[in-house]
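Take a look at the letters that make up each chain.
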Amino acid sequence: MPELAPIPFARLNLEQVRERLLAAAAFGESLSPDQLEALAGKLNTGLSIYIEATQNSAPRAHRPAVPGRACLDFRGHLR
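What counts and how
Residues numbered from 1 in each chain as written. Predicted model: local features only at pLDDT ≥ 70, side-chain atom pairs only at ≥ 80, totals over all residues. Heavy atoms only, no water. Salt bridge = Lys/Arg side-chain N within 4 Å of Asp/Glu carboxyl O. Buried < 20%, exposed > 50% of the residue type's maximum accessible area, 1.4 Å probe, protein only. Helix = DSSP H or I, 4+ residues; strand = E, 2+ residues; numbered from the N terminus. Expected span 1.5 Å × (residues − 1). Contact = heavy atoms within 4.5 Å. Arc of directions from axis to C-beta.

Q: It is not clear to me how the pattern of salt bridges should be interpreted in this structure. Could you clarify?
A: A side chain of one charge can pair with a side chain of the opposite charge if their charged atoms are brought near each other. Taken as a whole, this structure holds 1 salt bridge when the rule is applied. Salt-bridge contacts for E29 lead to R20; the nearest nitrogen and oxygen are separated by 2.7 Å. We classify E29 as partly exposed; its relative accessible area is 37%. Residue class for R20 comes out partly exposed when judged on its relative accessible area of 25%.

Q: How should I be thinking about the environment of A40 in this particular structure?
A: Tracing the chain through its elements places A40 in helix α2 (residues 33-54). We classify A40 as partly exposed; its relative accessible area is 28%. Sequence separation between A40 and V17 is 23 residues, and the spatial gap between their C-alpha atoms is 8.3 Å.

Q: Any chance you could explain α2 here in plain terms?
A: At 3.6 residues per turn, the α-helix brings residues three or four places apart onto the same side. For α2, built from 22 residues, the straight-helix expectation of 32 Å at 1.5 Å per residue is met to within 8% by its first-to-last C-alpha distance of 31 Å. Regarding α2, the residues found buried are L39, G46, S48 and I49. Buried residues along α2 sit against α1 (6-26).

Q: Explain the environment of I49 here, please?
A: Mapped onto the elements, I49 comes out in helix α2. Sequence separation between I49 and P6 is 43 residues, and the spatial gap between their C-alpha atoms is 6.5 Å. Among all residues touching I49, those that are not within four sequence positions of it are P6, I7, F9 and A10.

Q: I keep staring at α1 and nothing clicks. Help me out?
A: Helix length check: α1, at 21 residues, gives a terminal C-alpha distance of 30 Å against a target of 30 Å (1.5 Å per residue), a fit within 8%. Turning to α1, its buried residues are A10, N13, V17 and A24. Each buried residue of α1 sits inside an arc of 65° when the element is viewed along its axis, so together they form one side. Exposed side of α1, more than 90 degrees from the buried face: R18, E19 and A26 are the residues found there. Packed against the buried residues of α1 are α2. One or two positions beyond α1, positive phi appears at G28, with a value near 65°.

In structure tokens form, the structure reads like this:
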């Protein structure tokens, strides 16, 4: 399978998250913290790619993830 270009890869990640959340909501399924963290990682990856592709500035610095701290508050700080 050929490797996807950045924008199609980002779109695929975001669509997968959307489909998973819609399926969970449609069937009343609860998602575990690990599943939510995985979805948050996909969102972060997809949005970072879109930001880098649409802004003419340097790429965003990637902050190393702290285990168990994937949630952000309203200011974008890790909780």
